[in-house]
Amino acid sequence: MVKRNIVLLDIDYITHDEKAVIRLFGKVKGGESNDIIAIDDSFVPYLYILPLEDIDKCIKDINGLKEEGEIEFTKLEKVNKKDLQVPKEFIKMTLNHPQDVPKYRDKIWDLNSVKQLREHDIPFYRRYLIDNALVPMAELELEGELIDSFETVDSDDESLEILKLSCPPKTANTDFQEFRMMSFDLEVRNPHGMPNPDQDEIIMIGIDSNVGVRKVISTKGDEFDDDEEMDFIEIVETEKEMIERFVQTVKDANIDIIIGYNSDNFDFPYLRDRAKRWEVDLDLGVDGSGLKFLRRGYANSAAFRGLLHVDLYLVMRRYMSLDRYTLERVYLEFFGEEKIDVPGERIYEFWDNGGDELKNLFKYSLDDVVATLKIAMETLPLNLELTRIVRQPFFDVTRMSTGQQAEWFLVRKAYEVDEVVPNKPNMTMNNIRERGSNSGGYVKEPEIGLHENLVQFDFKSLYPTLIISKNISPDVLVTDNISYNAKFEDFETGYDEIDSVLEETPSEDLDEEDYYVCPEHFFKFKKEPQGFIPSAIEDVLNERFRVKNRMKQTEDPVLRKSLDVQQQALKRLANTMYGVYGFLRFRWYSFECAQAITAWGRQHIKKAMKEAEDFGFKAIYADTDGFYAKYVPEMKKE
DNA sequence: CAGAAACGGGG
DNA sequence: GTGTACGTTTCTG
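Residues numbered from 1 in each chain as written. Chains lettered and ligands numbered in written order. Predicted model: local features only at pLDDT ≥ 70, side-chain atom pairs only at ≥ 80, totals over all residues. Heavy atoms only, no water.

For clarity, the threshold we go by: UniProt positions are given in the numbering used here, feature names are shortened, and annotations may be inferred rather than shown by experiment.
An unreviewed UniProt entry annotates chain A as DNA polymerase of Methanobrevibacter ruminantium. Taken from UniProt, the Catalytic activity (unreviewed entry) comment for chain A reads in full: "DNA(n) + a 2'-deoxyribonucleoside 5'-triphosphate = DNA(n+1) + diphosphate".

Okay, here's the thing in structure tokens:
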């Protein structure tokens, strides 16, 4: 029996003897940085069935399906869980294999005695992370036995350990970890429009890293042999050799995270095609496996097992709000300087002409990877913190919308309080049209001119605070007497006349003894008990408060910085939580809750503007959760 | 005008 | 893979 502390980088499952086996990919802590794959064959797939009325009849029907050979499963048991805080008896069905879930779920759902299937669309590896309370990119304690080989693991890495777990892994701590990161970028000779992998060769592969490797691999460049400025060039004979050198460089540097810019869509697909042409193995997976393309909707993600690939373009689109997200634009935003630029359609000329032009092309190639790495070092810490809070794989988190991040955070929270998570709503275009659109925050267009004596007013985290203080949550929403028509009428009135708003008296507090009642729509939310979403947001805000306090107490600049990133991540998550109500296809989607939040938000800012006016501050611009006001003493009320 | 298709990033 | 982006702009019939 051996024990290992590892940093958990990635997770997946494979099928072994017709059973699903979880594989945890990590690096051993302490001593040399060894790769490790931990195997857990003890975790089984399951789902919940909500019976229509008679639970025993339902069990009988499901067993009947099994006897007819329609479905297969290993166990049925009655379990008590909560559904939107209402205790209910569910049937927990345990199955042989994760893929049996989509295979049989429709047949079960079609039974008359079955009301609903629940938690039937949670990927197996995510279920494993949630049920074992594991934190990706954090330290994990493993116990088990080392084995020589397992399934398809075929790696030339001498230091790789395979550990068969004898008990579930435990999270050891969630402290800040250092990761070995490398950025890369391809340059292609494409004289005829966009690069075509059937004809256009790769001419340069740029590499930068936080472990001392920085170079451009190319078949040209010997003319700069004596130029010290150009000593980052590594010359090879052929394109094939270039790709082989790239693969070897990543292996030798023992990289945890490989970073590209739009590499899901360009660099890795291109590299795959060119590597295939020259029969080069891109076997960068920790288990010796090659490059995989995972379908994500209509797009693909490039992935290696156990080597984390981040496409920084996707990260940047979430990280900041810009008009465009070219590498140049993002770099300018961060560092205030222009990158070296070579127009894409002229790269082949620079390559063919040689001399100073070729020199510039090399510099451009290096500049691209240096910029990519610099931006990654600025932005990935926040994404690492989000990963630890959301507790889903880093690879997934960097490709999730903020709404999905919030949703998976809530799926985990639900498990902790014994809630069975809601299914995803299946909204059709008709539902959406019938429903109309929600109005957003209140905006007062700025008064044109140069203003003096301005004061700024902001609500701190307006929407998260409102969700908590008004207990806005689907599980405490009073649903009697809500119809879409009624909502529609209320919703058309009263708040859209931007200029006349200050003459209007903001609606009085409508709250009743047992309910908070929202303006405009008059939806009622029970004051007790606390709703699931408000309680989850409160947890996030409390955690942020604790982190900020720890920050105040420490003098250590490194710890301070990492705590600061942590509290930023928590703030982002709290602010995103509003989205779970407003975005279609989300498990906790509730148009009523989304409307209530923005309605209360508009009421609050208008009230604040009105009160400011009484003190002589005239609002000249307002947006959602804050406004600017000008001091006009004559407006002041006595 | 509504519904379909393209677009983003990359060279 | 316990799966099938996304929101917006431009084109087309």
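1. Looking at the side chain of glutamate 139
The line we're drawing: Helix and strand labels come from DSSP, where a helix needs a run of H or I of at least four residues and a strand needs a run of E of at least two; each type is numbered from the N terminus. Burial classes follow relative accessibility: with a 1.4 Å probe on protein chains only, a residue under 20% of its type's maximum area counts as buried, one over 50% as exposed, and anything between as partly exposed. Charge counting treats Lys and Arg as positive and Asp and Glu as negative, with His and both chain ends excluded. The working definition used for a salt bridge is a side-chain nitrogen of Lys or Arg within 4 Å of a carboxyl oxygen of Asp or Glu. In the analysis that follows, any N or O atom pair within 3.5 Å is treated as a polar contact, provided that within protein one partner can donate a hydrogen and the other can accept it, and provided that, for residues neighboring in sequence, both atoms belong to side chains. Contacts are residue-level and defined by heavy atoms, with any inter-residue pair within 4.5 Å sufficient.
Take glutamate 139: it is sitting in strand E8 (residues 139–147). Buried charge without a salt bridge: glutamate 139, with lysine 29 as the nearest opposite-charge side chain at an N-O distance of 4.5 Å. Here asparagine 5 takes part through its side chain, which lies 2.8 Å from a polar atom of the side chain of glutamate 139. Engagement of the side chain of glutamate 139 in a polar contact is seen with the side chain of asparagine 173, the distance being 3.0 Å. Once you skip the residues sitting within four places of it in the chain, glutamate 139 turns out to touch Asn5, Ile6, Lys29, Lys170, Thr171, Ala172, Asn173 and Gln177.

2. Observations concerning helix H18 (residues 591–614)
The criterion, for reference: To estimate how far a helix should reach, multiply one less than its number of residues by 1.5 Å.
Between its terminal C-alpha atoms H18 stretches 35 Å, which fits the 34 Å expected from 24 residues at 1.5 Å a residue. The buried count for H18 comes to 19 of 24 residues, which makes it a mostly enclosed element. Following H18 by one or two positions, glycine 616 has its phi on the positive side, about 95°.

3. Re the nonpolar core
What counts is decided by this rule: Take the buried residues of types Ala, Val, Leu, Ile, Met, Phe, Trp, Tyr and Cys, join any two whose side-chain atoms come within 4.5 Å, and each joined set is a nonpolar core. Residue ranges assigned to the domains are those given by an automatic or database domain assignment.
Judged by nonpolar contacts, the single largest core of 78 residues is most densely connected at Ile257, Leu312 and Ile533. Counting residues per element, this core draws most heavily on helix H9 (residues 355–390), at ten residues. Built from parts of two domains, this core gets at least three residues from each of domain 3 (181–380) and domain 4 (422–532 + 578–608). Non-local contacts of isoleucine 257, meaning those with residues more than four positions away in its chain, are made with Met137, Phe179, Arg180, Met181, Met182, Leu307, Leu308, Val310, Leu380 and Phe394. Phe246, Val250, Leu271 and Leu282 belong to the second-largest nonpolar core, a separate cluster that totals 28 residues.

4. Considerations on the side chain of lysine 470
Topologically, lysine 470 is positioned in the loop between helix H13 (462–469) and helix H14 (484–492). A distance of 3.2 Å separates a polar atom in the side chain of lysine 470 from a polar atom in the side chain of aspartate 511. Setting aside residues up to four positions removed in sequence, lysine 470 forms contacts with Asp509, Asp511, Tyr516, Phe525, Trp600 and His604.

5. A look at the protein's contact with DNA strand C
Let me state the cut-off plainly: Whether a residue is near a molecule or strand depends on its heavy atoms: if one lies within 4 Å, it is near. Residue classes follow a fixed rule: Ala, Val, Leu, Ile, Met, Phe, Trp, Tyr, Cys and Pro count as nonpolar, while Asp, Glu, Lys and Arg count as charged, and any other residue, Gly among them, counts as polar.
Lining the immediate surroundings of DNA strand C are 22 residues, of which Tyr13, Arg105, His120, Phe124 and Arg585 lie closest. Expressed as a percentage, the sugar and phosphate content of the atoms of DNA strand C within 4 Å of the protein is 59%. One of the backbone nitrogen or oxygen atoms of glutamate 119 is found 3.1 Å away from a base oxygen of DNA strand C. Residue isoleucine 122 places a main-chain N or O atom 3.1 Å away from a base nitrogen belonging to DNA strand C. Take the surface near DNA strand C: its biggest share by element is three residues, from helix H2 (residues 100–109). Residue composition of the surface near DNA strand C, by class: eleven nonpolar, three polar and eight charged.

6. Remarks on the pattern of salt bridges
The final tally for this structure, using the stated rule, is 45 salt bridges. Salt-bridge contacts for lysine 81 lead to aspartate 418; the nearest nitrogen and oxygen are separated by 3.2 Å. Linking lysine 81 in strand E5 (residues 75–83) with aspartate 418 in the loop between helix H11 (402–416) and helix H12 (429–435), this pair joins segments that are 337 residues apart in sequence. In this structure lysine 81 comes out as buried when scored by relative accessible area, which is 9%. Through salt bridges that share partners, Asp12, Arg23, Asp287 and Arg305 make up one connected network.

7. Some remarks on the packing of helix H3 (residues 124–131) against H11
Rules: Each axis is a line fitted through C-alpha atoms, taken for helices only over the stretch in contact, and angles between the N-to-C directions span 0 to 180 degrees. Throughout, the term roughly parallel applies to angles under 35 degrees, roughly antiparallel to angles over 145, roughly perpendicular to angles from 65 to 115, and oblique to all others. Crossing handedness is read from the near helix: turned anticlockwise from the far helix by less than a right angle, it gives a left-handed crossing, and turned clockwise, a right-handed one.
At a minimum axis separation of 10 Å, H3 and H11 run at an interaxial angle of 50°. Accordingly, the angle class assigned to the pair H3 and H11 is oblique. In the crossing of H3 with H11, the sense of the turn from one axis to the other is right-handed. Along the contact surface, H3 presents Arg126, Arg127, Ile130 and Asp131, while H11 presents Trp408, Val411, Arg412 and Tyr415. Class assignment for the residues of the contact of H3 with H11 results in four nonpolar, no polar and four charged.

8. Some thoughts on the sheet that holds strand E19 (residues 443–444)
The criterion, for reference: Pairing between strands is defined by DSSP: at least two bridges between the two strands are required.
The strand order across the open sheet formed by four strands is E19-E23-E24-E20, and the pairing between neighbours is antiparallel. In the strand order of this sheet, the two ends are held by E19 and strand E20 (454–458), each with one partner. By the bridge criterion, two bridges tie E19 to strand E23 (residues 617–623) in an arrangement that is antiparallel. Among the inter-strand pairings, lysine 444 is bridged to a residue of E23, identified as alanine 622.

9. Digging into the sheet that holds strand E13 (residues 214–218)
On the basis of which strands lie adjacent, the open sheet formed by six strands has the order E14-E13-E12-E11-E15-E18 and mixed pairing. Each of the sheet's edge strands pairs with one partner strand only, and the pair in question is strand E14 (233–235) and strand E18 (308–311). Averaged over all neighbouring strand pairs, the angle between strand axes comes to 25°, with direction disregarded. Relative to strand E15 (residues 257–260), strand E11 (residues 181–188) is paired through three bridges, and the arrangement is parallel. Each residue of the ladder has a partner; that of serine 183, found in E15, is isoleucine 259. In this fold helix H4 (residues 239–252) packs onto E11, strand E12 (202–209), E13, E14 and E15, with an angle of close to 15° to the strand it touches most, E12. Relative to E11, helix H5 (residues 267–277) is tilted by about 65°, and along the sheet it contacts E11, E12 and E18.

10. Some details on the packing of aromatic side chains
The test is simple: Note on aromatic pairs: the rings of Phe, Tyr and Trp (six-membered ring only in Trp) are paired at centre separations within 6.5 Å, and the planes decide the class, stacked below 30 degrees, edge-to-face beyond 60, tilted for the rest. Here, a charge over a ring is recorded when the distance from Lys NZ or Arg CZ to the ring centre is within 6 Å and its angle to the ring normal is within 35 degrees.
One pass over the structure, following the stated rule, counts 22 aromatic pairs. A centroid spacing of 4.9 Å and a plane angle of 45° characterise the contact between tyrosine 331 and phenylalanine 335, whose relative ring orientation is tilted. Taken as a pair, tyrosine 331 and phenylalanine 335 lie in helix H7 (residues 327–335) at a separation of four residues, close to a single helical turn. Among the residues examined, phenylalanine 335 registers a relative accessible area of 24% and is labelled partly exposed. Following the ring pairs from residue to residue traces out a cluster consisting of Tyr13, Phe43, Phe124 and Tyr128. For lysine 92, the ring lying beneath its charged end belongs to tyrosine 46, and the centroid distance is 4.2 Å. Stacked on the ring of tyrosine 515, the Lys or Arg lysine 524 has its end atom at 5.3 Å from the ring centre.

11. Quick look at empty space enclosed by the protein
Defined as follows: A 1.4 Å probe that fits into a set of points on a 1 Å grid over the protein atoms alone but cannot get out defines a cavity; an open set with protein on both sides within 12 Å along at least five of seven lines defines a pocket, and lining residues are those with an atom within 4 Å of a point. Grid points are joined across faces, edges and corners, and a volume is the space filled by probe spheres set on the points.
With the rule as written, the count across this model stands at four cavities of 30 Å³ or more. For the largest cavity, the calculated volume is near 90 Å³. Looking at the largest cavity, the residues that line it are Arg318, Tyr319, Leu382, Asn383, Leu386, Thr402, Gln405, Arg572, Leu573 and Thr576. Elements represented by at least two residues in the lining of the largest cavity include exactly helix H6 (312–319), H9, H11 and helix H16 (557–576). Taken together, the residues that form the lining of the largest cavity break down as four nonpolar, four polar and two charged. If you add up the space inside the second largest cavity, you get close to 60 Å³. Around the second largest cavity, the lining residues are Asp83, Leu84, Arg118, Glu419, Val420, Val421, Pro422, Asp475, Phe532 and Trp588.

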